[in-house]
Amino acid sequence: NTMANTTFSGPVISKNGFVTTGPDMTVSLTADTTLTVAAHAGKILLCNDADGKFTLPSINVNSNGATAGDNDFNNLNNIGASFHFFVETAATDMDILTDGTDKFKGSILVSVDDGTIKGFVPGASNDVITMNGSTKGGIAGSVVSFTAIDTATYMVHNSLLIGSGTIETPFADA
């Protein structure tokens, strides 16, 4: 049995948690992909394109319409949408990028096998992370998450990019 998509206008509270499991909780990205909230948010995105370009959806901060109010179920606001990436196929030139208007805040950790770990904070204009399978991370097993938090801002969190050599920042401008 499956449940239809349901939209609630008030808070949903569970005293015992929510469990999201099943065969559709992972999506394999095997080619350049523009992500959508409906198909990719909240899922584990398996990166299987060594030089893939994975574009996060444009952040939409629209509020409910004046007429529909809390019953505006067609509102496309995507604040809070999260995208969780797991590198299965080692990167050679893999990008996770925004639409160019949205930028990153937060940090990414890059680690190499000698125990060295460096944290990187994006610059104000950074809108892409590039993994190269070595100095900028992207070896299989690397993980990074992004959440839309406000106008034109994706928070970068829960990250550990596995690399080799002399670590460099994966953040850049597209």
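Residues numbered from 1 in each chain as written. Predicted model: local features only at pLDDT ≥ 70, side-chain atom pairs only at ≥ 80, totals over all residues. Heavy atoms only, no water.

Draft legend 1. Representation of the overall build of the chain within the structure. Looking only at helices and strands, one finds one helix and 13 strands in the chain. The helix and strand sequence of the chain, counted from the amino end, reads β-β-α-β-β-β-β-β-β-β-β-β-β-β. A globule of 174 residues ought to have a C-alpha radius of gyration of about 16 Å, and the chain, at 17 Å, matches this closely. On the principal axes, the C-alpha backbone points of the chain span a range of 55 × 40 × 30 Å. Counting only residues that meet the buried cut, the chain has 36% of its 174 residues in that class. Counting contacts in the chain only where the partners sit at least 6 residues apart, residues at least 24 apart contribute 65% of the total. (Helix = DSSP H or I, 4+ residues; strand = E, 2+ residues; numbered from the N terminus. Rg over C-alpha atoms; globule rule 2.2 N^0.38 Å. Buried < 20%, exposed > 50% of the residue type's maximum accessible area, 1.4 Å probe, protein only. Contact = heavy atoms within 4.5 Å.)

Draft legend 2. Main features of the nonpolar core. Leu56, Phe85, Ile96, Ile129, Val144 and Phe146 are the most contacted members of the largest nonpolar core, which has 30 residues in total. Secondary structure elements with two or more residues in this core: strand 1 (26-29), strand 3 (44-47), strand 5 (82-87), strand 6 (94-97), strand 8 (108-112), strand 10 (128-131), strand 11 (143-150) and strand 12 (153-163). In contact with phenylalanine 85, other than residues within four places in its own chain, are Leu29, Leu35, Leu45, Cys47, Phe54, Leu56, Ile96, Ser142, Val143, Val144 and Phe146. (Core = buried A, V, L, I, M, F, W, Y, C linked by side-chain atoms within 4.5 Å.)

Draft legend 3. Molecular detail of the side chain of asparagine 60. Among the structural elements, asparagine 60 can be located in the loop between strand 4 (53-55) and strand 5. Those residues in contact with asparagine 60 that lie beyond four places of it in its chain are Leu76, Asn77, Asn78 and Ile79.

Draft legend 4. Main features of the packing of aromatic side chains. As enumerated under the stated definition, the model contains three aromatic pairs in all. A network of ring pairs unites the aromatic residues Phe85, Phe104, Phe146 and Phe171 as a single cluster. (Phe/Tyr/Trp six-rings, centres within 6.5 Å; stacked < 30°, edge-to-face > 60°.)

Draft legend 5. Main features of a nonpolar patch on the surface. A surface patch of nonpolar side chains, amounting to about 350 Å² of accessible area, comprises Phe8, Val12 and Phe18. Structurally, phenylalanine 18 is set in the segment before strand 1. (Patch = residues over 30% accessible without salt bridge, like charges linked within 9 Å, V, L, I, M, F, W, Y side chains within 5 Å. Areas by Shrake-Rupley, 256 points an atom, 1.4 Å probe, with all protein chains shown as cover. Salt bridge = Lys/Arg side-chain N within 4 Å of Asp/Glu carboxyl O.)

Draft legend 6. Highlighting the environment of serine 107. Secondary-structure assignment places serine 107 in the loop between strand 7 (103-106) and strand 8. The partly exposed category is assigned to serine 107, whose relative accessible area is 34%. Beyond its immediate sequence surroundings of up to four residues, serine 107 is in contact with Phe120, Val121, Val156, His157 and Ser159.

Draft legend 7. Structural detail: the pattern of salt bridges. Taken as a whole and judged by the stated rule, the model has three salt bridges. Aspartate 93 is the partner of lysine 53 in a salt bridge, and the nearest nitrogen-oxygen pair spans 3.5 Å. Here the residue lysine 53 occupies a position in strand 4, and aspartate 93 occupies one in the loop between strand 5 and strand 6, the gap between them amounting to 40 residues. On the basis of relative accessible area, aspartate 93 is assigned to the partly exposed category, the value being 36%. Through salt bridges that share partners, Lys53, Asp93 and Asp95 make up one connected network.

Draft legend 8. Spotlight on the side chain of aspartate 127. Position of aspartate 127 relative to the elements: it lies in the loop between strand 9 (117-120) and strand 10. Aspartate 127 has contacts with Ile96, Leu97, Thr98, Gly100, Asp102, Lys103, Phe104, Ala172, Asp173 and Ala174, leaving out every residue within four places of it along the chain.

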